[in-house]
Every structure is written in C-alpha cells, then in structure tokens.
Amino acid sequence: MDQLLSSPAIVQGLRKVEARVRRLGGSSTLPGINAGAERIVAAGGKRLRPALTLATSIALGKAPDRRVITAAACVELVHAGSLVHDDLMDRATQRRGMPTLNAELGDGKALVIGDFMLARAGLAAITAVSRPVAEVLAATVVELAEGQFLETTDLFNVDRTQESALRSITGKTAALFRAGCLVAAVCAQASPEDRARMAAYGEKFGLIFQILDDLLDLTATSEQLGKPAGNDLRQGVYSLPLLMACADADVRDLLGKPEMTEEVLRRLRASRMADNTIAYCRGLAADAVAALPVIHDPEMASLLYGLPTAYIDRVAGIAHLTAIS
C-alpha cells in the first residue's frame, strides 16, 4: 500500500483529488454544513479508494484528466459520507482519535451532513463526469445501504453465518472499492471485459480490506485503532474473523454478554484466528490478481499486482504482535 500511495503519479493525482474533495464538500450555501464536511474530509485517512481510481486509469492507458480526478473525488466523498452514517449507527464518539460529528453536533446535524456529502458526490458525477459514472456511484450507495442494513439484522445473532457476514461486507465496503476501479475504467473507455476485471479486482481487495479491519478490531489496541478495541464485538457485530474462530476459541456461549467482552478477546487472541483470517485473505488476494486485465504500464502493473499481498503482510504483522502480547 505504501508503494501505491508514494508513486509520483498517484501522489500528484491525489493532490488534485484532495482539492476537489474539499471544494465539493464545502459547496453548501450553509456554513455549518461546510464546516462539518470539512471536519470529516480533514480528519485523515490514506485516500486509498481514490488512489485505486487513479492507478486503474493509468493502468488502462488514460492519464488522470479532470473527469478522472472528479470521479475519484466523488468516490472519496461517498466514503466520507458513509463514515458519518456509520458513526451514527454505531453511536460512536471517536474516530481517528477525534470526536465524531454526532458526538460534537448531535445526531440530526450529523445525519444531514452525511446526506449532503453523498448527494454532492452524485451531483458532481452527473454534471462533471458522465451519466455512466453517476450510475455506478448511485448503485454503489444502494449497496452500501443494503450492506449496512444486513449487518443490523444480524446484530447479536450467535447463529450468524459466514455467508451472511460476507454478503454484508461486500455491500458496505467492497462495493465502493469496486466502484473506484470501475469508474476509472469507464472514464478510460475500457472494454466491457476490462471493466469487469477491474471491478472484480476492486471488490476482492475491498473484501480483504474489511476482513482485516475486522481482525484488527479484535486484536489491535485502542491506541492503534484510534477507537475502542473490540467495539464491533460490544456492538453485537459478529464479523467474519470471529465467526471463523468461534469453535477454535470456544467463545460462542460468551457472545452477547458485555461483562465477558475482555475474556472473549483474550480467547480470540490466543486462538488461531489471526492465522486463519490471514490465510483466507491470501486466497482472496490470489483471486484479485487473477482478475486483473493485461496492464502495459510497468509501474501500475507492479503496484496493482503487489497491493493485496503487501496490505495483508502489513496488517498481519500488527495482528500477530498484538495477539502474542
């Protein structure tokens, strides 16, 4: 991931994307909405989704022009708006070490700021990029909502299946990574096959990203996460790593009991959960790489082929260190 985000072409493109995101996020006639959106946009994050948009565009032979930059900014704005809604649903008070909008402004104001960001992304896509790109983003927002809804229906469900967990994270996370790659392929006027291949790559990487994020929630410290460790567990979100580890860690009977949260985390960290989750993600990484089309740009080929494994290796080091300690 570090190599992708340090590529000169990607760095240059992300500067333009950042400026576009801030312009779009600050385009309300109401200063309060602009200030709230700016809080979210400026809170940090590696801009991985727009970086993938830029890399895909270059990989498919199109230098990132104004349309690609705007498409990438729209992807990031959708992500930012969805984070506001996630914090609302989780009743979170902290993200990346800072108070959430709902904690600072109240649920009502946070809700409309998240709505504004999603709507602004759609408006920019249809007016400044193209109808097909706007359609991709609109369909993705539908999937985000459906994925989040599926997760809420399974809260505190000790019988939640791994298939249900996968379906939820495909909608609420992987869909936007898929969209980031797909909108670039659309802008590049790639063939239908290459569009499908890049979309599949983005979705597989998005699954890896979310599964490893869920793993870290169960293994990393609060300081490393920038939010309380084990938060998903406390909220009743039984993630794929947890479901895969239930039998091995002997924790199923302890789920749903707040007073047993620390014991559940201890057992999970002592189990093979981290190893099994990493192995599962390596299978997804192989699928992602197999999906890639022929890429003629040597740098982007190297970056996109290497990204899934590099990301897994990075997170694996954190997960194993914290599990051991």
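Note on numbering: residues in each chain are counted from 1, in written sequence order. In keeping with the model being predicted, local features are shown solely for residues with a pLDDT of at least 70 and side-chain atom pairs are shown and tallied solely at 80 or more, while totals for entire chains, interfaces and linings include all residues. Values reported for side chains reflect all heavy atoms of the structure, with hydrogen atoms and water molecules removed beforehand.

Within an unreviewed UniProt entry, the label attached to the protein reads Heptaprenyl diphosphate synthase/octaprenyl-diphosphate synthase, and the organism entered is Nonomuraea polychroma. As stated in UniProt under Sequence similarities (unreviewed entry), the record for the protein gives "Belongs to the FPP/GGPP synthase family." UniProt positions are given in the numbering used here, feature names are shortened, and annotations may be inferred rather than shown by experiment. Recorded in UniProt under Cofactor (unreviewed entry), the annotation for the protein is "Mg(2+)".

A. Highlighting the packing of aromatic side chains. Ring pairs shown here join Phe, Tyr and Trp side chains whose ring centres sit within 6.5 Å, with only the six-membered ring taken for Trp; geometry is labelled stacked below 30 degrees between planes, edge-to-face above 60, and tilted in between. Scanning all chains against the criterion turns up 5 aromatic pairs. Note on F177 and F209: the rings are 5.1 Å apart at their centroids and 45 degrees apart in plane angle, and the pair reads as tilted. Linking F177 in helix α9 (residues 162–187) with F209 in helix α10 (residues 192–219), this pair joins segments that are 32 residues apart in sequence. Residue classification places F177 among the buried residues on the basis of a relative accessible area of 1%. Every member of this aromatic cluster is reached through a ring pair, and the members are F177, F205, F209 and Y311. Only lysine NZ and arginine CZ atoms are considered, and such an atom sits over a ring when it is within 6 Å of the ring centre and within 35 degrees of the ring normal. The cationic tip of R49 hangs over the ring face of F209; the distance from NZ or CZ to the ring centre is 5.2 Å. What counts as a helix is a DSSP run of H or I of at least four residues, what counts as a strand is a run of E of at least two, and both are numbered from the N terminus. Working definition: with a 1.4 Å probe on protein chains only, accessible area under 20% of the residue-type maximum means buried, over 50% means exposed, and in between means partly exposed.

B. Summary view of helix α15 (residues 273–291). Look at α15: 27 Å from first C-alpha to last across 19 residues, which is about the 27 Å you get at 1.5 Å a residue. Those residues of α15 that sit buried are M273, A274, T277, I278, C281, L284, A285, A288 and A291. Take α15 and look down its axis: the buried residues cluster within an arc of 120 degrees, on one side only. Multiplying 1.5 Å by the helix residue count minus one yields the expected span of that helix. Note: the arc covers the axis-to-C-beta directions of the helix.

C. Region of interest: the pattern of salt bridges. Any carboxyl oxygen of Asp or Glu within 4 Å of a side-chain nitrogen of Lys or Arg constitutes a salt bridge here. Going through the model one piece at a time under the given rule, you end up with 19 salt bridges. Residue R178 pairs with E203 through a salt bridge whose shortest N-O separation is 2.9 Å. Placement of the pair is R178 in helix α9 and E203 in helix α10, with a sequence separation of 25 residues. Here R234 makes a salt bridge to E262, at a shortest N to O gap of 3.0 Å. Placement of the pair is R234 in helix α12 (residues 231–235) and E262 in helix α14 (residues 261–270), with a sequence separation of 28 residues. Taking relative accessible area as the criterion, R234 reaches 37% and is therefore assigned partly exposed. Among the charged side chains, a network of salt bridges with common partners joins E18, R22, E38, R47 and E76.

D. Fine view of the state of the cysteines. Here, two cysteine sulfur atoms that lie within 2.5 Å of each other are counted as a disulfide. Tallied over the full model, the rule gives 0 disulfides. Unpaired in this structure, C181 has its nearest cysteine sulfur neighbour in C187, at a distance of 13 Å. Looking at C181, the relative accessible area reads 0%, which means it is buried. Between C187, a cysteine without a disulfide, and C74, which holds the nearest cysteine sulfur, the sulfur-to-sulfur distance is 9.7 Å.

E. Focus on the packing of helix α5 (residues 66–90) against helix α8 (residues 131–153). Contact geometry for α5 and α8: axes closest at 11 Å, N-to-C directions at 20 degrees. Here α8 runs roughly parallel to α5, going by the angle between their axes. Crossing hand, α5 versus α8: right-handed. Packed against α5, whose contacting residues are A71, C74, V75, V78, S82, D86 and M89, the element α8 presents V133, L137, V141, L144, Q148 and T152 at the interface. Broken down by class, the residue content of the contact of α5 with α8 amounts to 9 nonpolar, 3 polar and 1 charged. Each axis is a line fitted through C-alpha atoms, taken for helices only over the stretch in contact, and angles between the N-to-C directions span 0 to 180 degrees. Roughly parallel means an angle under 35 degrees; roughly antiparallel, over 145; roughly perpendicular, 65 to 115; everything else is oblique. Note: crossing handedness is left-handed where the near helix turns anticlockwise from the far helix by less than a right angle, and right-handed where it turns clockwise. Contact between two residues is taken to exist if any of their heavy atoms lie within 4.5 Å; hydrogens are not considered. Residues are grouped as follows: Ala, Val, Leu, Ile, Met, Phe, Trp, Tyr, Cys and Pro are nonpolar; Asp, Glu, Lys and Arg are charged; all remaining types, including Gly, are polar.

F. Highlighting the environment of A184. Inspection of the secondary structure puts A184 in helix α9. Look at A184 and you get buried, because its relative accessible area is 0%. Taking the C-alpha atoms as reference points, A184 and A196, 12 residues apart in sequence, are found 12 Å from one another. When near neighbours in sequence (up to four residues on either side) are disregarded, A184 contacts T53, T56 and S57.

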